[in-house]
Protein chains: 2
Amino acid sequence: MSRGASTSFADATRSLLRRTLLEAARDLAAERPWRDVTMAAIAKRAGVSRQTLYNEFGARGPLTEALVLYEVDRFIATVEAAVAERAADPPEALTAALDVFLTAVAEDPLVHAVVTEDGRDELLPLVTSQAAPLLGYASERLAAILRSHWPHVPDGEARFMADTLVRLALSYVVLPVSDPRPTVDGVTRILRPYALAVLGGGAGG
Amino acid sequence: MSRGASTSFADATRSLLRRTLLEAARDLAAERPWRDVTMAAIAKRAGVSRQTLYNEFGARGPLTEALVLYEVDRFIATVEAAVAERAADPPEALTAALDVFLTAVAEDPLVHAVVTEDGRDELLPLVTSQAAPLLGYASERLAAILRSHWPHVPDGEARFMADTLVRLALSYVVLPVSDPRPTVDGVTRILRPYALAVLGGGAGG
DNA sequence: GCTCGGTGTCGAGCGATTGGACATACGGTA
DNA sequence: TACCGTATGTCCAATCGCTCGACACCGAGC
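Residues numbered from 1 in each chain as written. Chains lettered and ligands numbered in written order. Predicted model: local features only at pLDDT ≥ 70, side-chain atom pairs only at ≥ 80, totals over all residues. Heavy atoms only, no water.

You'll find chain A entered in an unreviewed UniProt entry as Transcriptional regulator TetR family, with Patulibacter medicamentivorans given as the organism.

Here's what the structure looks like:
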């Protein structure tokens, strides 16, 4: 590491490559079952050689995991935006976050692929029995969002709240509901007292 | 062209490099006189070697021109957004476009650098006596915007309208006004009949 | 058992970036 | 005027990442 500190273009290039690759994988996963999406097809879609794809992810397994985490990022971003708009009203923020999340899940082709797969794909374990990395990553991100909007919440509390919310959210990925509305209402009803106590009241906070 | 059609990542990398470089140049130009912004500083800020900067732009002159055009792009994007929101009401779109443009000009550090420079910088000529490329580029972009929102306008008319508006806009870059409001009102008053005739009426159109 | 298609690995080739060198031009100063 | 420090523009060898073709390996289907 004798290089100078700033490598912003190099970094950007690297992340651009990763993003291009994952975007290509995502596109193809939306078109057909994940097991029918070959490494060659992903590389071609991304306009890159197959070798470059292997250089970046090593093998199909890690790519699959990265793809799932990438999709998580999109959900997180959606939730983040919904929360940011309503930071002054925690219960309302909670409701909105649930709403946009469930809606996004219902419309997501990759989620659909996970849920409808016949067991020969490698997707389902990653959001269930092998979901530890996902849970860790997503809850860490969510905790950061909570901390940024409600800094008075203790770190441990934020982490646990995020962990719980992600676990609950994951459940709705694996076992979706047709109409998000009742779920949003119900979960809000359950979590509202807790949110009020920990995050603070509505307009008063 | 024996390669496959898609070279998306490669293309993206190239434009990313250019953008990174221009962004770095812009940042530094906002901090100090353009004259005092060295090629080495730009390269360093972009996280790239000086040679790469020269490979991309050849010399300082072309980089300076590209920087100006890049800044033009930002203004165009601002105007584009303002127009898009009011495509149904041409006079209103015109007013809004003028408003956001003059506001953006007033706040732009690079514009400020152009106007306050002591004559030893190479910026002023590019927006005045040497502004032909700028005028051509900006009016072409603006004409495209006009065409996309009001396709019934003849091409020649759109081009001339764009050319005139850009010339007028350039004037306010070089000779700014402290309060945009009167200018917006006045120019709107002048151009409104023309806009109504060529682009169409308000809610009725 | 054999073939086919996909995975994962390897190496030569190639283009782009790097870091260092250099000549040159300009501004400030004795 | 001569000198000095700095910035520009150019050159080159080394390096890095991507490409392309080749190969062994493995599981599924015939």
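**What about the pattern of salt bridges?**
Keep this limit in mind: By convention in these notes, a salt bridge is any Lys or Arg side-chain nitrogen within 4 Å of a carboxyl oxygen on Asp or Glu. Between buried and exposed lies partly exposed: a residue is buried under 20% and exposed over 50% of the maximum accessible area for its type, with that area taken using a 1.4 Å probe on protein chains only. Secondary structure elements are taken from DSSP: a helix is a run of H or I of four residues or more, a strand is a run of E of two residues or more, and numbering for both begins at the N terminus.
Counted according to the given criterion, the structure contains 32 salt bridges over all chains. The partner of Glu31(B) in a salt bridge is Arg32(B), with the nearest N and O atoms 3.8 Å apart. The exposure class assigned to Arg32(B) is partly exposed, which follows from its relative accessible area of 31%. Linking Arg181(B) and Asp99(B) is a salt bridge whose minimum nitrogen-to-oxygen distance equals 3.6 Å. Here Asp99(B) lies in helix α5 (residues 90-107) and Arg181(B) lies in helix α10 (residues 180-199), a separation of 82 residues in the sequence. Because the salt bridges share partners, they merge into one network encompassing Asp27(A), Glu31(A), Arg32(A) and Arg45(A).

**Focus on the domain arrangement of chain A**
Residues and elements named next belong to chain A. To be explicit about the condition: The domain boundaries here were taken from an automatic or database domain assignment. Contacts are assigned to residue pairs with any non-hydrogen atoms lying within 4.5 Å of each other. The term buried area means the drop in 1.4 Å probe accessible area that two parts suffer when joined, counted for both and summed. Contacts described as polar in this section are N or O atom pairs within 3.5 Å, which, within protein, must combine one atom able to donate a hydrogen with one able to accept it, while residues neighboring in sequence count only if both atoms come from side chains.
The domains assigned to chain A are domain 1 (9-58) and domain 2 (60-199). For domain 1 and domain 2, the distance between their C-alpha centroids amounts to 25 Å. Contact residues are listed per partner, giving 17 residues for domain 1 and 18 residues for domain 2. For the pair domain 1 and domain 2, the summed buried area comes to about 1600 Å², and 62% of that belongs to carbon and sulfur atoms. Sorting the residues of domain 1 by area buried against domain 2 places Arg-26, Trp-34 and Arg-35 first, and these three jointly supply 47% of that buried surface. Connecting domain 1 to domain 2 are 2 salt bridges. Where domain 1 touches domain 2, the interface holds 5 residue pairs in polar contact (both at pLDDT 80 or more). The set of elements that each furnish at least two residues to the side of domain 1 that touches domain 2 consists of α1 (8-31), α2 (39-46) and α3 (50-57).

**Description of the relation of the copies chain B and chain A**
Short version of the rule: To superpose the copies, least squares is applied to the C-alpha atoms of every residue with a pLDDT of at least 70 in both.
Overlaying chain B with chain A gives an RMSD of 0.1 Å, the required rotation being 177 degrees about an axis along which the chain moves by 0.1 Å. Both copies are brought into coincidence by an operation consistent with a two-fold rotation axis. In terms of C-alpha distance to the rotation axis, chain B has Thr13(B) as its closest residue, with the C-alpha 3.1 Å off the axis. In this assembly, 100% of the residues forming the interface of chain B have copies in chain A that are likewise at the interface, indicating an isologous arrangement.

**Examining the side chain of Thr188(A)**
Residue and element names in this part refer to chain A. Within the fold, Thr-188 resides in helix α9 (residues 180-199). Given the relative accessible area of 9%, Thr-188 is considered buried. Engagement of the side chain of Thr-188 in a polar contact is seen with the backbone oxygen of Val-184, the distance being 2.6 Å. Every residue in contact with Thr-188, bar those within four places of it in the chain, is listed here: Thr-95 and Leu-98.

**Topic: the UniProt feature "DNA-binding region" (unreviewed entry) in chain A**
The condition that has to hold: UniProt positions are given in the numbering used here, feature names are shortened, and annotations may be inferred rather than shown by experiment.
With numbering matched to this structure, UniProt assigns "DNA-binding region" (unreviewed entry) to residues 38-57 of chain A. Taken end to end, residues 38-57 of chain A comprises 80% helix and 0% strand; its first and last C-alpha atoms sit 14 Å apart.

**Structural notes on empty space enclosed by the protein**
Leftover empty space is mapped by rolling, across the atoms, a probe with the size of a water molecule. Residues and elements named next belong to chain B. Stated formally: Throughout, the protein atoms alone are placed on a 1 Å grid, and a set of points is a cavity if a 1.4 Å probe fits but cannot get out or a pocket if it is open with protein on both sides within 12 Å along at least five of seven lines; lining residues have an atom within 4 Å of a point. Grid points are joined across faces, edges and corners, and a volume is the space filled by probe spheres set on the points. The nonpolar class holds Ala, Val, Leu, Ile, Met, Phe, Trp, Tyr, Cys and Pro. Asp, Glu, Lys and Arg form the charged class, and all remaining residues, Gly among them, are polar.
In the structure shown here, the tally under the stated rule is 1 cavity of 30 Å³ or more. In this model, the largest cavity occupies a volume close to 40 Å³. What lines the largest cavity is Leu-102, Val-105, Ala-106, Tyr-172, Pro-176, Val-177 and Pro-180. Per-element tally for the lining of the largest cavity: the top contributor is α5, with 3 residues. Partitioned by chemical class, the residues of the lining of the largest cavity number 7 nonpolar, no polar and no charged.

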